[in-house]
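Here is how the chains run, residue by residue.
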Amino acid sequence: MDGDRTTDTATAARRVRYGKLPERIRFADMAEEVEVRPGGRVRAHDPEGSWQYYSCLALDLGL
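Residues numbered from 1 in each chain as written. Predicted model: local features only at pLDDT ≥ 70, side-chain atom pairs only at ≥ 80, totals over all residues. Heavy atoms only, no water.

Another aspect to go through is the overall build of the protein chain. The secondary structure content of the protein chain amounts to 3 helices and 0 strands. Start at the N end of the protein chain and walk to the C end: the helices and strands fall as α-α-α. Residue burial in the protein chain is summarised as follows: out of 63 residues, 2% are buried. When the accessible surface of the protein chain is summed, it comes to about 7300 Å², and 55% of that surface belongs to carbon and sulfur atoms. (Helix = DSSP H or I, 4+ residues; strand = E, 2+ residues; numbered from the N terminus. Buried < 20%, exposed > 50% of the residue type's maximum accessible area, 1.4 Å probe, protein only. Areas by Shrake-Rupley, 256 points an atom, 1.4 Å probe, with all protein chains shown as cover.)

Right under this line is the structure:
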């Protein structure tokens, strides 16, 4: 029974020190809907300009 009292004491000390967790945020509150305008800029494949967006993990790591 002494183990239960130690756990309760640790729990009480933790609550005094850190308080309680914040309320959960719903997914609907995190998502935002944005209307897209027709005729907006479309990123089509551009073989001539693809070098601008080149990414290589080996180069990033300096290998």
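For the rest of this paragraph, the subject is a nonpolar patch on the surface. There is a patch of nonpolar side chains on the surface, built from Ile25, Phe27 and Met30 and spanning about 400 Å² of accessible area. Note that Met30 resides in helix H2 (residues 27-30). (Patch = residues over 30% accessible without salt bridge, like charges linked within 9 Å, V, L, I, M, F, W, Y side chains within 5 Å. Salt bridge = Lys/Arg side-chain N within 4 Å of Asp/Glu carboxyl O.)

The subject of this paragraph is the pattern of salt bridges. For the structure shown, the criterion picks out 1 salt bridge. Asp29 is the salt-bridge partner of Arg26, the closest N and O atoms lying 3.3 Å from each other. As far as burial versus exposure is concerned, Arg26 and Asp29 are alike and both exposed.

Right, let's talk about the confidence of the model for the protein chain for a bit. For the protein chain, the average pLDDT comes to 77, and 75% of its residues sit at 70 or higher. Averaged pLDDT values for the elements of the protein chain fall to 78 in helix H3 (residues 57-61) and rise to 88 in H2. (pLDDT = per-residue confidence, 0-100.)

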